[in-house]
Amino acid sequence: DTFRPAIFDMAHSAHQLRCAGVLEAVRISRMAYPNRMPHASFVSRYALLAPSEWQAAHEVDMARARAAAPGDESARALCEGALALVVEDVARYQLGKTKVFFRAFLLEALEQRRGNALATYAVVVQKMLRSALWSRRFRLLRLSSVRLQALRRRQVQLSEYRRQRAAAIALAAAGRGLRARILRRRLLAAVRIQAAGRAAAARDRVYHLRRRLCATRLQAAVRSHRHRSAFTARRGAALRLQSKARMASQRRAYLRDLAEKKEEAKLSTQLAKLQARLQAEMEARQNAERALEAGAAADEGSGSGAAVAGDGGG
């Protein structure tokens, strides 16, 4: 035999287990009840394999059994009822005081059935969720389509209303036009009649006015002369008043401008005097500075001459 790590020899391992008695112990264990489980655990885990009517009838009992202590009679009775419904062969399990014992492969079968049931429930839950989602989507689509249809119908009805309104307005305008034309014809006939009557009356008035025309002209000439004389007198008085008022206004403006000019001339004269004084002071200062510079230069020249003379005598 070769003994090296990471190498598994199935025949050698089986021979070792057989020689150690492990396989015989497993066989003996499987001949009895190798799997066991408390009553409450069995009810909470495998009660879903029972019919739905039984689950609905024992819903409260199952909730109590999940929290029951080991050896509880109610949990044991509930477990016995569930076993009778879930396991058909009574010889494959044995109900104890605190636990239920299973033959070999029974627990695996129950687990497989539980997995299939959970898968079925999951499919049902998914189906319900998908149904709810698609129902909600369908309701949204239906609401959207209803709104779109309502908008479209509104647009069609609005267009139809506008068309009918335009037609009604056109018909009303045509009716009003026809009535206006008929009324106009009647008014023209009445106007012609009235014009003929007014013409006859006017001719009569003209005849009477011509008789009074000479007197009217004389009266008009007199009134014209009177009004013209009064207008001429009033216009002359108004012109004289306006000329006096303008003369007074111009005199005040002239006096005000003259005072301003005098004040400006006075200010200009003062400014010129100040500028001349400032110029004289600046010139005097410059002359004084030049005199000081000349005196300083003379003093320096006399000092240097005396120094030269002293050096010659020495």
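These numbers come from a predicted model, not from an experiment.

Right, let's talk about the packing of helix H3 (residues 39-46) against helix H5 (residues 59-66) for a bit. Look at H3 against H5: their axes get within 8 Å of each other, and the N-to-C directions meet at 130 degrees. Taken together, the axis directions place H3 and H5 in an arrangement best described as oblique. Here the hand of the crossing between H3 and H5 comes out left-handed. In this structure, H3 uses Ala 40, Val 43 and Ser 44 to contact H5, whose residues at the interface are Met 62, Ala 65 and Arg 66. Of the residues belonging to the contact of H3 with H5, the class tally is four nonpolar, one polar and one charged.

Right, let's talk about the pattern of salt bridges for a bit. What the rule picks out here adds up to two salt bridges. A salt bridge links Glu 160 to Arg 163; the nearest nitrogen and oxygen atoms lie 2.3 Å apart. With a gap of three residues between them, Glu 160 and Arg 163 both fall in helix H7 (residues 106-313), about one helical turn apart.

Before going further, it helps to examine the nonpolar core. Phe 42, Leu 83, Val 100, Phe 102 and Leu 110 are the most contacted members of the largest nonpolar core, which has 26 residues in total. When residues of this core are traced back to their parent elements, those giving at least two are H3, H5, helix H6 (73-86), strand E2 (93-95), strand E3 (99-102) and H7. Sort the elements by how many residues they give to this core and H6 lands first, with six residues. Not counting chain neighbours up to four residues away, the residues in contact with Leu 110 comprise Phe 42, Tyr 46, Leu 49, Val 86, Val 87 and Phe 102.

Turning our eyes to something else, we now look at a negative patch on the surface. Residues Asp 257, Glu 260, Glu 263 and Glu 264 make up a contiguous surface patch of negative charge. Tracing the sequence through the fold places Glu 263 in helix H7. With a relative accessible area of 43%, Glu 263 lands in the partly exposed category.

Before going further, it helps to examine the packing of H3 against H6. Across the interface, H3 lies against H6 with an axial gap of 9 Å and an inter-helix angle of 45 degrees. For the element pair H3 / H6, the angle class is oblique. In this structure, H3 crosses over H6, and the sense of that crossing is left-handed. Where H3 abuts H6, its residues His 39, Phe 42, Val 43 and Tyr 46 lie against Ala 75, Arg 76, Leu 78, Cys 79, Ala 82, Leu 83 and Val 86. Residue classes in the contact of H3 with H6 are distributed as nine nonpolar, one polar and one charged.

On to the packing of aromatic side chains. Scanning the model with the defined rule gives two aromatic pairs in all. Aromatic pair Phe 42 and Phe 102: ring centres 5.8 Å apart, planes at 35 degrees, arrangement tilted. Residue Phe 42 is located in helix H3, and its partner Phe 102 is located in strand E3; the two are separated by 60 residues in the primary sequence. For the pair formed by Phe 42 and Phe 102, the shared burial category is buried. Of the aromatic side chains, those joined through ring pairs into one cluster are Phe 42, Tyr 46 and Phe 102.

Here is what the cut-offs are and how they apply
The residue count restarts for each chain, going from 1 along the sequence in the order it is written. Given that the model is predicted, a residue must reach a pLDDT of at least 70 before its local features are reported, and side-chain atom pairs must reach 80 or more before they are shown or counted; all residues, however, enter totals for whole chains, interfaces and linings. Here the side-chain values reflect all heavy atoms present in the structure, with hydrogen atoms and water set aside. What counts as an axis is a line fitted to C-alpha atoms, over the stretch in contact for a helix, and the angles between N-to-C directions run from 0 to 180 degrees. Strands here mean DSSP runs of E at least two residues long; helices mean DSSP runs of H or I at least four residues long; both are numbered from the N terminus. Put simply, angles under 35 degrees are roughly parallel, angles over 145 are roughly antiparallel, angles from 65 to 115 are roughly perpendicular, and the rest are oblique. With the far helix as reference, a near helix turned anticlockwise by less than a right angle produces a left-handed crossing, and one turned clockwise produces a right-handed crossing. Residue contacts are defined here by distance: any two heavy atoms, one from each residue, within 4.5 Å place the two residues in contact. For this classification, the nonpolar set comprises Ala, Val, Leu, Ile, Met, Phe, Trp, Tyr, Cys and Pro, the charged set comprises Asp, Glu, Lys and Arg, and every other residue, Gly included, is treated as polar. For this analysis, a salt bridge means a side-chain nitrogen from Lys or Arg found within 4 Å of a carboxyl oxygen belonging to Asp or Glu. Only buried residues count toward a nonpolar core, which is a set of Ala, Val, Leu, Ile, Met, Phe, Trp, Tyr and Cys residues joined through side-chain atoms within 4.5 Å. A 1.4 Å probe rolled over the protein chains alone gives each residue an accessible area, and that area as a share of the maximum for its type sets the label: buried under 20%, exposed over 50%, partly exposed in between. Patches here: salt-bridge-free residues with over 30% relative accessible area, like charges joined within 9 Å, nonpolar side chains (Val, Leu, Ile, Met, Phe, Trp, Tyr) joined within 5 Å. Surface accessibility in these figures is a Shrake-Rupley result with a 1.4 Å probe; residues are shielded only by whichever protein chains are displayed. Here the positive residues are Lys and Arg and the negative ones are Asp and Glu; neither His nor the chain ends is included. Note on charges: their place is set at NZ of Lys, CZ of Arg, CG of Asp or CD of Glu. Note on aromatic pairs: the rings of Phe, Tyr and Trp (six-membered ring only in Trp) are paired at centre separations within 6.5 Å, and the planes decide the class, stacked below 30 degrees, edge-to-face beyond 60, tilted for the rest.

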